[in-house]
Amino acid sequence: MEAHIPDFPLASLHRTLSRQKTAKSARDALSAYDKEYLTVHQSRPVLYTNSGALEPSGCLEIHSSTCIINNYLDGTRGGAADTAAPGGMHFRDSKRKVDYVLAYHYRKRVSQHQPGSRSAEPLHGLASSAIVSNGETGKSCLEQQQQSCGQNEPSGQPELLGAQAVELSPLDALEEEKRVQRKEYEQNLMEAGLEIEKDLESKSQGLSFVRIHAPWHVLSREAELLKIKMPTKKVYEIKEEGGILKKLTEIWCRLTEPLQPKVPQQDNTKMKSLSYPFSREKIYLYNIKDKDTFFDNATRSRIVREILKRTPTKSRNSMGISTLIANNVYDAAYPLHDGEYEDQNDEMNDRKLLYREWARYGVFYKFQPIDLIRKYFGEKIGLYFAWLGLYTEFLIPSSVVGVIVFFYGCITIESDIPSKEMCDQHNAFTMCPLCDKFCDYWNLSSACATARASHLFDNPATVFFSIFMALWATMFLEQWKRLQMRLSYFWDLTGLEEEEEHPRPEYETKLIQKKLKTKNTTENANEDENEKLTWRDRMPGYLANFSLILFMIMLTFSAVFGVMVYRITTAAALSFSTNETTRSNVRVTVTATAVIINLVVILILDEIYGAVAKWLTEIEVPKTEKSFEERLILKAFLLKFVNSYAPIFYVAFFKGRFVGRPGHYLYVFDGYRMEECAPGGCLMELCIQLSIIMLGKQLIQNNLFEIGIPKLKKLFRKLKDERTEPKEINTNQSKDPQQWDLDYSLEPFTGLTPEYMEMIIQFGFVTLFVASFPLAPLFALLNNIIEVRLDAKKFVTELRRPDTVRAKDIGIWYNILSGIGKLSVIINAFVISVTSDFIPRLMYQYAYSQNGTMHGFINHTLSYFNVSHLKAGTQPENSPFAQDVLFCRFKDYREPPWSQNPYEFSRQYWAVLSARLAFVILFQNLVMFLSVLVDWMIPDIPKDISEQIKKEKSVLVDFFLKEEHEKLKLIESFITRDKHRPQNGTKGQRTRAASFCQFSQSQKRSLASYSSQHTEV
């Protein structure tokens, strides 16, 4: 039968704490010995209890029964400690809910002692079977402990008489220090009002858990301090827009009903509860049916986390759980999941519901249950999945338009005159050799396939698509701001204030080190208290950041240059081949292998840059987690942006621009010519580069790495725990693993930065170079359909439950998205004008063509070169066409050899260059104007939400006035009843009436002041 222990009153807690302080003063007397030695009596061994007090071993007989000793429950014989609560979500009394869990590894001390002395093994006998439980006590056990132990204890310090010094090993000393820190921290948590239950340490070393429960008075106190909005009794109607928009919404809801997730919805979606920051003085305003369920699990864990973060320990001057985890005092701290997600019982919880309706690939076609995600994981993660869902929805129209543009290129390829002229073998153009000595003259018609493929992406429709995508990015950001505002209203985030953040452990450590250095020079305590890290303290970190980021960027450019050298040398080597097939496929072979090398380099450097960015941010020592996250995001984005797009920028804007001309080529490494673009231009190669890098990153990095790496980490941690923990039988462990055991085996949540980062880089691929690859939105859409479910499954099944964080926006990521959207306009303008042949074709058709058609365009873009002007040693060897070729052609706008200024840039070159620059300016200003126009036309706050926010304010004031009037009526009724009583009433009655009058007057004054404040608002 399970022993029931009544609730522990606060008065008993204070008496217990006073006894612990007395015990601590006794322990401090031996502080010199405790650093290296443990003092043990030969006649009566002294041992440390879990409270840290020094007690004689004679008390062990009393301790063996089930009782509380300084809030520590010895469960060796009691039934309360033998059975776990069913489901693993409550304390062992099956009543108090586990709101948070602390996990740590312990190692019992193996003490060395002299022969003939009593064994020191019982030193941790009590600690190995202790359950901490603030809130449960029996009076008799504490009093029996004091009486029986206090009668036989001599005065003074009897521990020093006949004591024997036992030397501790360094590992034992470190473990003892951690144990003392844990004991002090847990004691401080109990002083804050939390209730604690602790596992039995039944093995020589292993894993132990501390379970934390927050009672109602702690939850209500902290909810008031944190200004958490809670629903009141007042419910008001949400006004819906009428007319055509309402009918369209109803039709859309009926059409999409099969796509809606089957999750419990609010009974009446047209009604909304009025929310107000929790206040214990106004507790009558809230609809509290059950104190245990009024605060949901996410809110309870958030409150406990705040207490854990601000609770200090004197050891090492550490502040909060983050410092203790950083010092390995605890291994982890996390809230529990709501049970299993795949068990076969009929009991439904939010986690199981999320798994069935959201975190499976089989429900990829359904909408996301955003409200349930927010309820379970918090607002910050809810906003991420809402943003990801909106981004995926917006990719649908852009994918459709991109496919139409691609099919337009396929349809018009047969009617494209320039590609026809290039493929015409009867009107062949003899081209100059592609390399020195070993390359022969060649016909332009041999590049027919490249020219026809280039038309698929280099056609007038791509210009329209570039403008469309620029406006699409603006529309997406505007729609996100509207959705964000709508979610803020329904999630009660309007008016959310910035919460005061606690300093990071690294910042505290750095500050303590600084104070220790300056302590010798100044004795002013106030200066020490107000001291903070200045720019002088951070200057080494800033210099390291600047130099290393610059080095990493140069490393990326070096990798691009290395791949360029590979292209040049491999092309030259393959040109020496005697195999005709190898020589004819040199360009395809070099391009394909170089792109794969680029992809591998990008994937490797991405992982390196992520670790480097984190290390650089750590040496900057930011004060808060928010500043740390923002600086980390900026560094990681800068490095990964340069790494991902540097090869693409090279192909788009630099390849083939610095080649020179026949007879005057530009060489690298003494004899290797700079690489040229294909005869059809560099746009086709840019498309290949962009598609392979984008698809490779999405397939390998975003999917395989996300699936494989967490599983490998989990397996590695499991093997490590099995190797370090001895194979001992734990008699206190239940057969079925509890929820805290299952959650500990999951991967810890490390933040949303990797999730946002991969989507932001993908957003860049979709917008920056979309003119060269119209199918990019389609591939991004296909990836995101999988990505949403992959992230969902990871959060529900593979990660520990994250701490709920309230946030009203996505933070710095919106600014990055906005910057990419503006940069995409400029880059697409240059891609169309510089990389493609769109401008040269327009110039030829409307300025140089005799009949206004594209006939003769290829001949117009090719210049002449006299083969006799080739440098000695660069002519083709053993060429069968050497005697027949007088002039060869090359792609450029230059004067012919028979002109007065041979091989100089022609007038056409300067005209085309002017047209290109004019197009960039015109395109950029036109798209920017349209983007600003769209931004101006679409309000950031939906009209209905703006009206509802105003209505909510007035409803709130009316609700307060009504409640205050009801209180005043109740008070006046008491006063009236007292007046009608006989005049010879007691003095107490008159005093009570007077107090009622005073209370009534104060209520009227407060009501008037509240009304005036509302009028000002």
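Figured I'd write up the structure that's included with this text.

Rules behind the numbers
- Residues numbered from 1 in each chain as written.
- Predicted model: local features only at pLDDT ≥ 70, side-chain atom pairs only at ≥ 80, totals over all residues.
- Heavy atoms only, no water.
- Helix = DSSP H or I, 4+ residues; strand = E, 2+ residues; numbered from the N terminus.
- Buried < 20%, exposed > 50% of the residue type's maximum accessible area, 1.4 Å probe, protein only.
- Contact = heavy atoms within 4.5 Å.
- Core = buried A, V, L, I, M, F, W, Y, C linked by side-chain atoms within 4.5 Å.
- Pairing = 2+ DSSP bridges.
- Axes fitted to C-alpha atoms, helices over the stretch in contact; angles between N-to-C directions.
- Polar contact = N/O pair within 3.5 Å; in protein donor to acceptor, adjacent residues only side chain to side chain.
- 1 Å grid on protein atoms, 1.4 Å probe; cavity = no way out; pocket = protein on both sides within 12 Å on 5 of 7 lines; lining within 4 Å.
- Points joined across faces, edges and corners; volume = space filled by probe spheres on them.
- Nonpolar A, V, L, I, M, F, W, Y, C, P; charged D, E, K, R; others polar.
- Disulfide = S-S within 2.5 Å.

**Quick look at the side chain of S399**
Here is step 1: Mapping S399 onto the fold places it in helix α13 (residues 379–411).
Here is step 2: The class of S399 is buried, set by a relative accessible area of 4%.
Here is step 3: Once residues lying within four places of it in the same chain are set aside, the contact partners of S399 are P777, L778 and L781.

**Things to note about the nonpolar core**
Grouped burial of nonpolar side chains is what soluble globular proteins tend to show.
Here is step 1: One finds W358, F377, W387, Y391, W472 and F769 to be the most contacted residues of the largest nonpolar core, which totals 123 residues.
Here is step 2: If you tally residues by element for this core, the top one is helix α22 (residues 625–654), at 15 residues.
Here is step 3: Sequence-distant contacts of Y391, defined by excluding residues within four places in its chain, comprise W472, F476, M759, Q762, F763, V766 and N784.

**Overview of the sheet that holds strand β15 (residues 332–334)**
Here is step 1: Pairing in this open sheet of 4 strands is antiparallel, and the strands run β9-β10-β6-β15 from one edge to the other. The sheet is open, and its two borders are formed by β9 (195–198) and β15, each paired with just one other strand. Here the average twist between neighbouring strands, direction ignored, is 20°.
Here is step 2: Direction of pairing for β9 relative to strand β10 (residues 205–213): antiparallel, over a ladder of 4 bridges. Along β10, the bridge assignment pairs E197 with R211.
Here is step 3: Of the strands in this sheet, β6 (100–107), β9 and β10 touch helix α5 (residues 170–191), which is tilted by about 155° from β6.
Here is step 4: Across the sheet, helix α9 (residues 297–310) is in contact with β6, β10 and β15; its angle to β6 comes to roughly 50°.

**Side note on helix α11 (residues 350–357)**
Here is step 1: Across the 8 residues of α11, 7 count as buried, placing the element largely inside the fold.
Here is step 2: For α11, the full list of buried residues reads D350, R351, K352, L353, L354, Y355 and E357.
Here is step 3: In this structure, the buried side of α11 is in contact with α12 (370–377), α24 (739–744) and α26 (776–798).
Here is step 4: The opening residue of α11 is N349, an N-cap whose side-chain oxygen sits 3.0 Å from the backbone nitrogen of R351.

**Structural notes on empty space enclosed by the protein**
Here is step 1: The full count for this structure, using the stated rule, is 8 cavities of 30 Å³ or more.
Here is step 2: What lines the second largest cavity is a set of 13 residues, among which D436, G663, Y665, L870 and T874 lie closest to the centre.
Here is step 3: In terms of residue class, the lining of the second largest cavity is built from 7 nonpolar, 3 polar and 3 charged.

**Here's the deal with the environment of N427**
Here is step 1: Among the secondary structure elements, N427 is positioned in the loop between α14 (417–423) and β16 (430–431).
Here is step 2: Spatially, the C-alpha atom of N427 lies 8.8 Å from that of S445, the residues being 18 residues apart in sequence.

**So, the state of the cysteines**
Here is step 1: Counted under the stated rule, the structure contains 4 disulfides.
Here is step 2: The disulfide partner of C423 is C448, and the gap between their sulfur atoms is 1.8 Å. Disulfide C423-C448: torsion about the S-S bond near 95°, hence right-handed. Placement of the pair is C423 in helix α14 and C448 in helix α15 (residues 448–455), with a sequence separation of 25 residues.
Here is step 3: One disulfide bridge connects C432 with C888, the sulfur atoms lying 1.9 Å from each other. Where C432 bonds to C888 through sulfur, the torsion about that S-S bond is close to 85°, and the disulfide is right-handed. Here C432, found in the loop between β16 and β17 (442–443), pairs with C888, found in strand β23 (residues 887–891); they are 456 residues apart in sequence, far enough to count as distant.
Here is step 4: Judged by relative accessible area, which is 0%, C888 ranks as buried.

**Some details on the pairing of strand β22 (residues 862–866)**
Here is step 1: Of all the 5 residues making up β22, 4 are buried; the element is thus mostly covered by neighbouring parts of the structure.
Here is step 2: As defined by bridge partners, β22 adjoins β23 across 5 bridges and the pair is classed as antiparallel. Each bridged residue has a counterpart across the sheet, and for Y864 the counterpart in β23 is R889.

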